[in-house]
Amino acid sequence: MALSLRVLRQRLAPTGMYALAQQRSLASGSKNGMSNPNVAIAGVTGAVGQEFLACMDKRGFPFNNLKLLASARSAGKEITFKGQTYVVEELTEDSFDDVDIALFSAGGSQSLKYAPAAVKSGAVVIDNSSAYRMDPDVPLVVPEVNPHAAHQHNGIIANPNCSTIIMAVALYPLHEAVGVTRASIATYQAASGAGAAAMEELEQQARDWVENKPLTQDIFGRQYVWNLFSHNSDVDSKTGYNEEELKMIRETNKIFEDETIKITATCIRVPVLRAHCEAINMTFKGELSEQQAYDILSKAPGVTILDEREANRFPEPLDASGIDNVLVGRIRADVSQEPNKGLEMFVAGDQLLKGAALNAVQIAELLVHAK
């Protein structure tokens, strides 16, 4: 039976669970250390798992050995990476004895089951699920916002929700400059946020529509093509907020390390294959002009400005798909607020990249390059 992270932490707290496990594993010679780590990818056959590999390749992420892990159903499949063929292994509690960094995107239940085993073996887990995000002992990291938090881990670092990451990259530079007291976000979320099967179903529905066939509705149970609908996560019967909206609210406060920021969100699924968009309305503590905001964002890490009013050219999912940066545009004063106290902007970001795999690999880079 898998032990929870909290139980493991309590049992080994006097010596430090992760530190002790890492010391023992390094002493045994099974691991390679953080400068050139042995890396495991759990959930490698999924959409985000595949992007982990693509990001590692593109960024020249250093590694000694690579272990590809997935469910028993996918075990035995072959994946070629950097000219070498790897055989996918079944994810088990014994998968991590020789692993330094484990990138997880196998779903929350799998993270809860196997991440503690990885930590107990001395590996650092970077988890893309929601399983540990709000655990007070687990840092929730966006490298452009709170890179220091990555070094405060006890063996697990959580990757935030995709919509939260995309928003945070654009919002934090303005918060750092004058303080954001309130943000209201409307999201327009692509099929990629629900995984490869959802992307395939959207494409299949388009084919079904053209061929005048009944629409395939296995994932969302409704027509997706030519339609949009409230995000498909569970809705809290008391507040009316769905889980995706609550994630954005809670995670933003944790990442910004500021519980006073008031956040609200409305999350919508739209018939787009890849890349999320968000309309963000802000209220500031200090004063910030439209031009000042433009200047700050033009220098912000992870941000690319796309704001061409005369050409009516602003961020779109197609522009954001396949690129690392978050696109920011429609930067304008909110005329309903006092002058220089509120701003509107529209952003687009690749959910599979900056919203998931890229952010996780950037966190891993923080560990590799730590001094």
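Keep in mind the model is a prediction, meaning the values are calculated, not measured.

Along the polypeptide, Pro 271 turns up in the loop between strand S11 (262-269) and strand S12 (276-284). As for Pro 271 and Tyr 224, which are separated by 47 residues in sequence, their C-alpha atoms are 6.0 Å apart. Among residues more than four places away in sequence, those in contact with Pro 271 are Leu 202, Tyr 224, Val 225, Trp 226, Asn 227 and Leu 228.

One can describe the packing of helix H5 (residues 162-178) onto helix H10 (residues 353-368) by two numbers: an axis separation of 8 Å at closest approach and a directional angle of 85°. Taken as axis vectors, H5 and H10 run roughly perpendicular relative to one another. Packed against H5, whose contacting residues are Cys 162, Ile 165 and Val 169, the element H10 presents Lys 354, Gly 355, Ala 356 and Asn 359 at the interface. Here the contact of H5 with H10 is composed, by residue class, of four nonpolar, two polar and one charged.

Turning to the packing of helix H3 (residues 47-59) against H10, a few remarks are in order. Describing two packed helices takes the angle between their axes plus the distance from one axis to the other. Orientation of H3 relative to H10, taken along the N-to-C sense of each, is 50°, at an axis distance of 9 Å. What the angle tells us is that H3 and H10 run oblique. The handedness of the crossing between H3 and H10 comes out as right-handed. Side by side, H3 and H10 meet where Val 48, Glu 51, Phe 52, Cys 55, Met 56 and Arg 59 of the first sit next to Leu 353, Ala 356, Ala 357, Leu 358, Ala 360, Val 361, Gln 362 and Glu 365 of the second. Classifying every residue of the contact of H3 with H10 gives 10 nonpolar, one polar and three charged.

Residues of the protein with pLDDT of at least 70 account for 92%, and the chain-wide mean is 93. Segment residues 7-15 is flagged for pLDDT under 50; beyond a separation of four residues in sequence, or across chains, it makes 13 contacts in the model.

The subject of this paragraph is the layout of surface pockets. Summary: where empty space remains is shown by rolling a probe the size of a single water molecule over the atoms. Looking at the largest pocket, its volume works out to about 800 Å³. What lines the largest pocket is a set of 35 residues, among which Asn 128, Gly 193, Ala 194, Gly 195 and Gln 351 lie closest to the centre. Of all elements in the fold, only H3, helix H6 (196-210), helix H7 (243-256) and H10 reach the threshold of two or more residues within the lining of the largest pocket. Looking at side-chain class alone, the lining of the largest pocket contains 10 nonpolar, 20 polar and five charged residues. In this structure, the second largest pocket occupies an estimated 160 Å³ of space. Considering the residues around the second largest pocket, the lining is formed by Gly 43, Thr 45, Gly 46, Ala 70, Ser 71, Arg 73, Ser 74, Leu 91, Ser 105, Ala 106, Gly 107 and Gln 110. Residues that form the lining of the second largest pocket fall into these classes: three nonpolar, eight polar and one charged.

This brings us to the packing of aromatic side chains. Each aromatic ring pair is described using two quantities: the centre-to-centre distance and the angle formed by the ring planes. Counted according to the given criterion, the structure contains eight aromatic pairs. Centre to centre, the rings of Phe 96 and Phe 104 are 5.7 Å apart; their planes meet at 25°, and the pair counts as stacked. Grouped by ring-pair contacts, the aromatic residues Phe 220, Tyr 224 and Phe 229 constitute a single cluster. A cation over a ring is seen here: Arg 222 above Phe 229, with NZ or CZ 4.3 Å from the ring centre. When the ring centre of Phe 314 is taken as reference, the NZ or CZ atom of Arg 330 above it lies at 5.3 Å.

On to the side chain of Lys 254, then. Here Lys 254 lies in helix H7. As a buried residue without a salt bridge, Lys 254 has its nearest oppositely charged side chain in Asp 135, at a separation of 6.2 Å. Among residues more than four places away in sequence, those in contact with Lys 254 are Tyr 132, Arg 133, Met 134, Asp 135, Pro 136, Val 138, Leu 140 and Glu 259.

Cut-offs used in this document
- Residues numbered from 1 in each chain as written.
- Predicted model: local features only at pLDDT ≥ 70, side-chain atom pairs only at ≥ 80, totals over all residues.
- Heavy atoms only, no water.
- Helix = DSSP H or I, 4+ residues; strand = E, 2+ residues; numbered from the N terminus.
- Contact = heavy atoms within 4.5 Å.
- Axes fitted to C-alpha atoms, helices over the stretch in contact; angles between N-to-C directions.
- Parallel < 35°, antiparallel > 145°, perpendicular 65-115°, else oblique.
- Nonpolar A, V, L, I, M, F, W, Y, C, P; charged D, E, K, R; others polar.
- Left-handed = near helix turned anticlockwise from the far one by under 90°.
- pLDDT = per-residue confidence, 0-100.
- 1 Å grid on protein atoms, 1.4 Å probe; cavity = no way out; pocket = protein on both sides within 12 Å on 5 of 7 lines; lining within 4 Å.
- Points joined across faces, edges and corners; volume = space filled by probe spheres on them.
- Phe/Tyr/Trp six-rings, centres within 6.5 Å; stacked < 30°, edge-to-face > 60°.
- Lys NZ or Arg CZ within 6 Å of the ring centre and 35° of its normal.
- Buried < 20%, exposed > 50% of the residue type's maximum accessible area, 1.4 Å probe, protein only.
- Lys, Arg positive; Asp, Glu negative; His and termini not counted.
- Salt bridge = Lys/Arg side-chain N within 4 Å of Asp/Glu carboxyl O.

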